[in-house]
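Take a look at the letters that make up each chain.
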Amino acid sequence: MSEMNQANHLSDEVMINIIGMHKWYGAFHVLKDINLTVHRGERIVVCGPSGSGKSTMIRCINHLEVHQQGKIIVEGTELNEDIKNIEQIRREVGMVFQHFNLFPHLTVLDNCTLAPIWVNKKPRKEAEEIAMAYLERVQIANQAKKFPGQLSGGQQQRVAIARSLCMSPKIMLFDEPTSALDPEMIKEVLDVMIGLAEEGMTMVCVTHEMGFARKVADRVIFMDAGQIVEQNAPHEFFENPMHERTKLFLSQIL
Ligand code: ADP
Ligand code: MG
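Predicted model, so just to flag it, every value in this text is computed and none were measured.

Comments concerning the packing of aromatic side chains
Step number 1: Inspection of the entire model under this criterion finds 2 aromatic pairs.
Step number 2: Centre to centre, the rings of Phe-222 and Phe-249 are 5.2 Å apart; their planes meet at 40°, and the pair counts as tilted. Of the two residues, Phe-222 sits in strand β9 (residues 219–224) while Phe-249 sits in helix α9 (residues 244–253), which places them 27 residues apart along the sequence.
Step number 3: Here Phe-222 falls in the buried class, since its relative accessible area comes to 0%.
Step number 4: Ring geometry for Phe-237 versus Phe-238: centroids 5.3 Å apart, planes at 85°, classification edge-to-face.
Step number 5: Since its relative accessible area comes to 0%, Phe-237 is described here as buried.
Step number 6: Accessibility expressed as a relative area gives 7% for Phe-238, which makes it buried.

In structure tokens form, the structure reads like this:
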């Protein structure tokens, strides 16, 4: 077990609490009785076959998708129809997508300052200073005046991470952040994520990068057909998977 997996960085504070959550897309029951508690500083890796509901589950956490049954409580605030609650939670939860989702018509810097200026009402100068510090940190400050289309995929994804960090999130959600990248760019994005983990960020990462899971995760969650089938510490999860579906999945990706 690597030194990062030791659980002593965890606090008792519950950051995400999902209780008996169900979701349907029309008649299709996509998430079935999801129960998940994430503590401050915890790093969760979510894996499972395509179509198992991984994206839907993490999108429910910041209300990009709406659940129909059960509860989702983020930092003590319940996600319900109250728009104030939704806005509160969105301010605290950053999200990074597979396809970066940068604004193509804005420069890298403007991508990073848009929400701090318009949502958090930060003065432009202060927002730009913060943005440059995060761009520095993901080693892309020298590209600040460029447009997303002028950058490589790995660079764009690092900008997307910096953009999220500019809102000072308490939780970061990642949805397959490296799966649209060429192999040589995967490491530069994973390195940024590892850095965040080392600093104690609470993270829920959908990824099939099992090296990352082994190195960083406190807990690996396996989903299949809309359910959490199994979850365990990485060494247990990989060495002793309990369910046939988990064994089959691991045999296909490892
Ligand atoms: P994963 O991220 O694990 O690949 P998803 O959460 O994207 O899975 O999708 C789970 C299931 O829900 C899939 O069968 C998918 O086709 C379906 N699905 C996803 N989004 C929608 C949607 N907006 N409307 C209807 N079905 C959807
Ligand atoms: Mg997905």
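Don't stop here, the text continues.
Details of the sheet that holds strand β2 (residues 28–39)
As a general point, the strands of a sheet are linked pairwise by backbone hydrogen bonds and lie either parallel or antiparallel.
Step number 1: One open sheet accounts for 4 strands, arranged β2-β1-β4-β5; its pairing is antiparallel. A single partner strand is all that each edge strand has here, and the edge strands are β2 and β5 (77–78).
Step number 2: The pairing of strand β1 (residues 14–25) with β2 spans 8 bridges and is antiparallel. Paired with Met-21 across the bridge in β2 is Ile-34.

A closer look at the pattern of salt bridges
Step number 1: Applying the stated criterion across every chain yields a total of 17 salt bridges.
Step number 2: Residue Arg-43 pairs with Asp-218 through a salt bridge whose shortest N-O separation is 3.6 Å. Separated by 175 residues along the polypeptide, Arg-43 in strand β3 (residues 43–47) and Asp-218 in the loop between α7 (210–216) and β9 bring together distant segments of the chain. Taken as a pair, Arg-43 and Asp-218 share a single burial class, namely buried.
Step number 3: A salt bridge links Glu-128 to Arg-124, with the shortest nitrogen-to-oxygen separation between them at 3.7 Å. Residue Glu-128 and its partner Arg-124 are both found in helix α4 (residues 124–137); the two are separated by 4 residues, about one turn of the helix.
Step number 4: Residue class for Glu-128 comes out partly exposed when judged on its relative accessible area of 26%.
Step number 5: Under the relative-accessibility criterion, Arg-124 is labelled partly exposed at 45%.

Notes on the UniProt feature "domain: ABC transporter" (unreviewed entry) in the protein chain
Step number 1: The sites that carry the UniProt feature "domain: ABC transporter" (unreviewed entry) are, in the present numbering, residues 16–250.
Step number 2: Secondary structure within residues 16–250 divides into 39% helix and 26% strand; the distance between the first and last C-alpha atoms comes to 27 Å.

Notes on the side chain of His-63
Step number 1: Counting through the fold element by element, His-63 comes out in the loop between α1 (54–61) and β4 (69–74).
Step number 2: Judged by its relative accessible area of 10%, His-63 falls in the buried class.
Step number 3: Setting aside chain neighbours within four positions, we find His-63 in contact with Leu-79, Asn-80, Ile-86 and Arg-90.

Remarks on the sheet that holds β9
Step number 1: Read from one edge to the other, the open sheet built from 6 strands follows the order β6-β7-β8-β3-β9-β10, with strand pairing classed as mixed. The two strands at the open ends of the sheet, each matched to only one other strand, are β6 (93–96) and β10 (227–232). Looking at each pair of strands side by side, their axes are set apart by 20° on average, direction ignored.
Step number 2: As defined by bridge partners, β9 adjoins β10 across 5 bridges and the pair is classed as antiparallel. From the neighbouring strand, Asp-224 faces β10, where its bridge partner is Gln-227.
Step number 3: Lying on the sheet, helix α5 (residues 153–165) is in contact with β6 and β7 (171–175); it crosses β6 at an angle near 170°.

Details of the site of ligand 1
Step number 1: The immediate surroundings of ligand 1 are formed by Tyr-25, Phe-28, Val-30, Pro-49, Ser-50, Gly-51, Ser-52, Gly-53, Lys-54, Ser-55 and Thr-56.
Step number 2: Separating an oxygen atom of ligand 1 from a backbone N or O atom of Gly-53 is a distance of 3.0 Å.
Step number 3: Take Thr-56: an N or O atom from its side chain is 2.5 Å from an oxygen atom of ligand 1.
Step number 4: Expressed as a share of its isolated accessible area of 560 Å², the protein-covered part of ligand 1 is 59%.

Definitions and limits used
Residues numbered from 1 in each chain as written. Chains lettered and ligands numbered in written order. Predicted model: local features only at pLDDT ≥ 70, side-chain atom pairs only at ≥ 80, totals over all residues. Heavy atoms only, no water. Phe/Tyr/Trp six-rings, centres within 6.5 Å; stacked < 30°, edge-to-face > 60°. Helix = DSSP H or I, 4+ residues; strand = E, 2+ residues; numbered from the N terminus. Buried < 20%, exposed > 50% of the residue type's maximum accessible area, 1.4 Å probe, protein only. Pairing = 2+ DSSP bridges. Salt bridge = Lys/Arg side-chain N within 4 Å of Asp/Glu carboxyl O. UniProt positions renumbered as here; feature names shortened; annotations may be inferred. Contact = heavy atoms within 4.5 Å. Axes fitted to C-alpha atoms, helices over the stretch in contact; angles between N-to-C directions. Near = heavy atom within 4 Å. Polar contact = N/O pair within 3.5 Å; in protein donor to acceptor, adjacent residues only side chain to side chain. Areas by Shrake-Rupley, 256 points an atom, 1.4 Å probe, with all protein chains shown as cover.

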